[in-house]
Amino acid sequence: MKGFKMMCMTALLVGCSTAPDLEQQIDELYGKMSQVERIAQLRSMYMDDLLDEQGQLDTAKCRELIPNGIGHFSQYASQKPVDPNVLRDRVAAVQDWLIHQTPNGIPALFHEEVLSGVNTRGATIYPQQIGQACSFNPELAELKTRQTGIAMRKMGGVLSLSPMVDVCRTPSFNRLEESYGEDGYLSAVMGVAFVKGLQQGDLKKGVGACSKHYLGYGGGGDADEKELMEEILFPHEAMIRLAGSRVVMPGYHAVHGTNCVANSEILQDILRGYVGFDGMIVSDYTAIDQLPGLEDQIHKAAAAINGGNDVDFPFGANYQYLQEAIDQGLVKPEVLERAVKNVLRHKFRAGLFDSEPYLYAKEEILLDTPEERQTAYDIAVQSIVLLENKGILPILSTLNPQHSTFTPQPSTLNILLTGPNANSMWAMCGDYSFPAMTYFWKKVENDLDHPHVVTLLEGMKARQPEGVNMMYSRGCDWTDTIETKYAVSGDERAWEYEILHRKVDSGEKADKAEALQMAQQCDIIIAAVGENVMLCGENRDRQGLRLPGKQEQYVKELLATGKPVVLVVFGGRAQVISGIAEQCAAVIQAWYPGEEGGNAVADILYGKVSPSAKLAVSYPNTEVYEPMCYNNPSPIAVHPSLNAAGPIFATPNTQWPFGYGLSYTTFEYSNLKVAGEASTKDESITLSFEVKNTGKVAADEIAQLYLSPTSDDQPIRRIQLQGFARVPLQPGERKTVTVKLYTEQFGYYSHKGQRQWNVSPGTYVIKVGASSADIKLQEKLTLKGEKVTKPLREFYFSETTITD
């Protein structure tokens, strides 16, 4: 088999270099600009404010609102449902006006959200990021964003406000779905893949990525300095230094008492001074408005720009007063110059000033192509985690007495599909998808199925094999009452009672009596439960982390029928299902699996594909409202295990640990080979191990590499992910995984006079496991020599090769 390279992650400082001739061009342009033109580059607006009632560019509005140009256009593709070719034509008209009718002809940066595809009507809806993280597949992540970037650039988009790479360690965080989970290493690998695909290595043809929400949103902002710099900063640092991410968005939260958008410690000292970032910093929407203790917008603008923030989104509501702040001596001219030049630098890098800039495509634009839908399906299949299985799955094996532990094996299998997420697009679409954004922000509830989103019922019927009889009754709603909590947090545009005080109408009757009667007639019950667009997401929270409404009670009534229940949980975070999960015949965590989610879940249930995903979070067994992570130094709980390498360990309050996920087959790990000694000055070490499929089903296994100390005085985490490999295996097949592990991965951060990365001599344990709690193989390695220090890491990720 041809060797498979996971990623070669050598830091070439691609995010930290600027050509001298580029700086000369920026200086010359800045010198030509009037003060009002300069400030305009730091502001944004909505394109629709420049259109007439027919959707055509109104030049009178342009002369009134942007006579000196504008730096940015906010969420340009999602304001109203529109054909992509019409959207492109509107962008073209605006750019043409800016180039030919403003003093220096500076084009604007049109930006949009692209977390799970372009946030516009008709664009492919890929699985939400938390699910994609469970795939441990950066190649698919890169393919997804390459497709996304190509489509968006055709429509005139130059900048995205994605990805979110917050290392989210608080299970209750309502935006956890946007993240890659709790681990810094995994988040960094997936974030780098996101940037590489989106930007295509060239901002003149790709779409610029934006690393957010810097620094520590979602449970990391209060971390101590060591954790903050080693783990929470890790994804941002890697995206900047390895993939050339040129835009950063500070979070709404505070770090060390100062809101991030005005926090010079994290924006100037750490980001620009330590990491070497030389790009553009943009505020989250309305974040500057929320700066506390300041008397007016003039002082808020001054605090933000002095703190290191360059651009005021979404309107420039505060930065419109920058001239007053300068006149009052609150902002120095050189601070304004820095911010404006950072914007201009990004525009030059994006090719907007080239003689033939790529501002939009001229050919017909088609969205949601068959190739894009296939990618959405592939990611979905690899993102769905099998948590429990008592032999009921796959369903096809239930029809075959030779492969099933389920008795009896009927000639016709009657399946009841029930639950609030059984026949709803809201089981599939996470926040920042076009349907979710339109429903939540625009309060539009109809005609949102663009592109078509395959529900679980539709997928199970379309994939239904011979010998299966499908029955369906909704049986239970998400909630009977409004559970969405009002909270003053996040984007203040959502601080409206009317936006938050509502619940989703499924358009179907939930007849529990009918469903329970059907349950008596079936052989297997599939209960699709969980959250929806109003129960999870930015500005959306609810009471508790158990299943919403009366869903848990409904599941208990299904269990009381005595029929085996397969629980399929949809949503944006781990929901506490302890007490019922143990009674279910199987449990699947499906997250928000995107437009092909119904087909993907159906294929896993039937057994056409074996599940392969592994948890990117520690799944709690009780409601937890503070950070938890598999590598926490807190006391550990011992779980029973037949594992020859030792007992299974997990952090407290964990039902299923980070990296955990079941398959329809079994795997055997063996033959770990690693040198017993190396030098701290060595660049890397090489290790290898074997994985064999010992079952009867073809499947992928995600083998994980962890590093641990051997003594408490070693300044590294008790266990830390340092590599992984997705290994495809046929029944009986064995493959060798070879890993190039860099010595810098044994290192740690310190700040004694200066910030630095250190590799110390000592003995470490290299562990290979099926999860963070299920270590199959381990060997000790001793690093000898002197302590090695350097300002920053050069090597961030191990490199993995899979061979026959």
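Please refer to the structure placed before this passage.
Quick caveat, the model's predicted, so the values are computed rather than measured.

A. Structural detail: the packing of helix α6 (residues 138-154) against helix α14 (residues 370-383). Running from N to C, α6 and α14 point in directions that differ by 150°, and their axes come no closer than 10 Å. In terms of axis orientation, α6 runs roughly antiparallel to α14. Judged by the sense of rotation from one axis to the other, the crossing of α6 with α14 is left-handed. Residues Leu140, Leu143, Lys144, Gln147 and Ala151 of α6 lie in contact with α14, whose contacting residues are Glu371, Glu372, Thr375, Asp378, Ile379 and Gln382. Grouping the constituent residues of the contact of α6 with α14 by class yields four nonpolar, three polar and four charged.

B. Summary view of helix α10 (residues 264-275). Here α10 contains 12 residues, and its C-alpha end-to-end distance of 14 Å is more than 12% below the 16 Å for a straight helix at 1.5 Å per residue. Within the sequence span of α10, burial applies to Ile266, Leu267, Ile270, Leu271, Arg272, Tyr274 and Val275. Positive backbone phi, approximately 90°, marks Gly276, located one or two places after α10.

C. A look at the layout of surface pockets. Considering only enclosed or pocket space, the largest pocket measures out at about 870 Å³ in volume. Contributing to the lining of the largest pocket are 48 residues, with Thr170, Gly219, Gly220, Gly221 and Pro627 lying nearest its centre. Residue assignment for the lining of the largest pocket shows that the elements contributing at least two residues are α8 (225-232) and β15 (541-542). Examining the composition of the lining of the largest pocket, we find that four residues originate from one element, α8, more than from any other. Per-class residue counts for the lining of the largest pocket are 14 nonpolar, 18 polar and 16 charged.

D. The sheet that holds strand β26 (residues 720-729), seen in detail. Strands sit in the order β23-β31-β30-β25-β26 across an open sheet of five strands; the sheet is mixed. Where the open sheet ends on each side, the last strands, each with one partner, are β23 (677-679) and β26. On average, adjacent strands in this sheet sit at an angle of 30° to one another, irrespective of strand direction. Here strand β25 (residues 699-709) pairs with β26 via nine bridges, running antiparallel. Bridge pairing links Gln704 to Phe724 in β26.

E. Here's a closer look at the side chain of Glu37. Within the secondary structure layout, Glu37 lies in helix α2 (residues 35-40). Among buried Asp, Glu, Lys and Arg side chains, Glu37 stands out as unpaired, with Arg38 the closest opposite charge at 7.4 Å. Of note is the side chain of Glu37, whose polar atom sits 2.9 Å from the side chain of Asn104. Non-local contacts of Glu37, meaning those with residues more than four positions away in its chain, are made with Lys32, Asn68, Pro103 and Asn104.

Criteria and cut-off values
- Residue indices follow the written sequence of each chain, beginning from 1 at its first position.
- Given that this is a predicted model, residues contribute local features only at a pLDDT of at least 70 and side-chain atom pairs are listed and counted only at 80 or more, while totals for whole chains, interfaces and linings are drawn from all residues.
- Where side-chain values are given, they derive from all heavy atoms of the structure, hydrogens and water being excluded.
- Axis angles are defined between N-to-C directions and span 0 to 180 degrees, where every axis is a line fitted to C-alpha atoms and, for a helix, only to the segment in contact.
- Each helix is a run of DSSP H or I of at least 4 residues and each strand a run of E of at least 2, with the numbering of both proceeding from the N terminus.
- In these notes the angle categories are as follows: under 35 degrees is roughly parallel, over 145 is roughly antiparallel, 65 to 115 is roughly perpendicular, and the rest is oblique.
- Rotating anticlockwise by less than a right angle from the far helix to the near helix defines a left-handed crossing, while the corresponding clockwise rotation defines a right-handed one.
- Whether two residues touch is decided by their heavy atoms; if any such pair falls within 4.5 Å, the residues are in contact.
- In this classification, the charged set is Asp, Glu, Lys and Arg, the nonpolar set is Ala, Val, Leu, Ile, Met, Phe, Trp, Tyr, Cys and Pro, and all remaining amino acids, among them Gly, are polar.
- Helices are assigned an expected span. That span is 1.5 Å times one less than the residue count.
- When accessible area is computed with a 1.4 Å probe and restricted to protein chains, residues below 20% of their type maximum are described as buried, those above 50% as exposed, and intermediate ones as partly exposed.
- Both cavities and pockets are sets of points on a 1 Å grid over the protein atoms alone; in a cavity a 1.4 Å probe fits but cannot get out, in a pocket the set is open with protein on both sides within 12 Å along at least five of seven lines, and lining residues sit with an atom within 4 Å of a point.
- Grid points are joined across faces, edges and corners, and a volume is the space filled by probe spheres set on the points.
- Any two strands between which DSSP finds at least two bridges are classified as paired.
- Only four residue types enter the charge count: Lys and Arg as positive, Asp and Glu as negative, with His and the chain ends excluded.
- Basic side-chain nitrogens of Lys or Arg form a salt bridge, by our definition, when they fall within 4 Å of a carboxyl oxygen of Asp or Glu.
- Polar contact criterion, stated in full: a pair of N or O atoms within 3.5 Å, where within protein one must be able to donate a hydrogen and the other to accept it, and residues adjacent in sequence count only if both atoms are side-chain atoms.

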